[in-house]
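Commentary on secondary and tertiary structure
Here are the chains, one letter per residue:
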Amino acid sequence: MMLGAGQAFSADEITLQLKWVTQAQFAGYYVALEKGFYEEEGLDVTIKPGGPDIAPAQVLAGGGADVIVDWMPSALATREKGVPLVNIAQPYKSSGMMLTCLKENNVMSPEDFPGKTLGVWFYGNEYPFLSWMAHLGIPTDGGEDGVTVLKQGFNVDPLLQKQAACISTMTYNEYWQVVDAGISEDQLNTFKYEDEGVATLEDGLYVLEDDLKDPKFKEDMVKFVRASMKGWKWAEENPDEAAEIVLDYDDTGAQTEKHQKRMMREVAKLTAGSNGALDPADYQRTVEVLLGGGSDPVITKQPEGAYTLEITDAALSN
């Protein structure tokens, strides 16, 4: 299926690079495309799915996209390394990240982590975990007093195959893959980053700082954010229909209706309360978690210019 809308010659072309594959995690953008919200703003939007070998920031820096979906820890680390990412909108208000453990592994609280093997996603997704361990004072290089970090693929196999006591999961995705594999919820313990006080902001919209110097680009981003948030609010109110729209755009055929509808209902809990504007308090909380990463923090200094409220302020004023 072609992921384009608004074929009028006057439409401004915008390419969005997703953080992961086509799924309800990104429903708001697909809804905005399908319902013509982008077209109404005079935008011709192309949505590029992500995957395990795709780093959104690299795609953006290489000119392969105009705007990307990324997690803030990864974006701030990338910015500190010299790629000037700027957050222009924050559709996700809450974090869906957690550790999921089998109760049989006797992990009832974070005090039980030492001596255990924990599955961790990398490629920028490890930053919240490493900061959490630093806050707990638990080394991540193994041993009785530390944890052994298993570089987890984007699946739940390490838990199912008893390779790890706990694995990284999202409330809307991998947790339910564990359940669907035949492990009942009462056999599991979960540690949500939100509950542990180390939550960091996840799916936000990022562009390159220099691009915002172009008034036309900034105007297009205002339109893009406005249409995207219209899509997100529609998806929150119509989760099953939103999931079906996502399925229509899944060219791989890998997604199932059951999983996508369940995912959309969980995602709606994370986008609830966001009008697209980044809450400076949420931003600062994320920064403080990342700065508090012990001897090897994710970022080493307070970022400057890492976000702008101009885009969402303008989008919300219309």
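Residues numbered from 1 in each chain as written. Predicted model: local features only at pLDDT ≥ 70, side-chain atom pairs only at ≥ 80, totals over all residues. Heavy atoms only, no water.

**A short note on the sheet that holds strand 4 (residues 85–89)**
Put simply, the rule is: DSSP-based pairing: two strands are paired if at least 2 bridges between them are found. The numbering of helices and of strands both runs from the N terminus, where a helix is a DSSP run of H or I of at least 4 residues and a strand a run of E of at least 2. Fitted lines through C-alpha atoms give the axes, limited to the stretch in contact for helices. The angle between two N-to-C directions lies from 0 to 180 degrees. Should any heavy atoms of two residues lie within 4.5 Å, those residues are counted as being in contact.
Pairing is mixed across the open sheet formed by five strands, whose spatial order is 2-1-3-10-4. Every other strand in the sheet has two partners, leaving strand 2 (43–48) and strand 4 as the edge strands with one partner each. Across the sheet, the axes of successive neighbouring strands diverge by a mean angle of 35 degrees, strand direction being ignored. Where strand 3 (residues 67–70) lies against strand 10 (residues 204–208), three bridges are found, and the strand directions are antiparallel. Each residue of the ladder has a partner; that of Ile68, found in strand 10, is Tyr206. On the sheet, helix 4 (residues 72–80) packs against strand 3, strand 4 and strand 10 and is oriented at approximately 145 degrees with respect to strand 4.

**So, the layout of surface pockets**
For the record, the criterion: Put simply, the grid is 1 Å and covers the protein atoms alone, a cavity is a trapped set of points that fit a 1.4 Å probe, a pocket is an open set with protein on both sides within 12 Å along at least five of seven lines, and lining residues have an atom within 4 Å of a point. Grid points are joined across faces, edges and corners, and a volume is the space filled by probe spheres set on the points. Each residue is assigned to one class: nonpolar for Ala, Val, Leu, Ile, Met, Phe, Trp, Tyr, Cys and Pro, charged for Asp, Glu, Lys and Arg, and polar for all the others, Gly among them.
Looking at the largest pocket, its volume works out to about 560 Å³. In terms of lining residues, the largest pocket is bounded by 30 residues, among which Lys19, Ile54, Pro56, Tyr123 and Asn125 are the most central. Secondary-structure elements contributing two or more residues to the lining of the largest pocket are helix 3 (56–61) and helix 4. It is helix 3 that provides the largest number of residues to the lining of the largest pocket, a total of four residues. For the lining of the largest pocket, a count of residues per class yields 16 nonpolar, nine polar and five charged.

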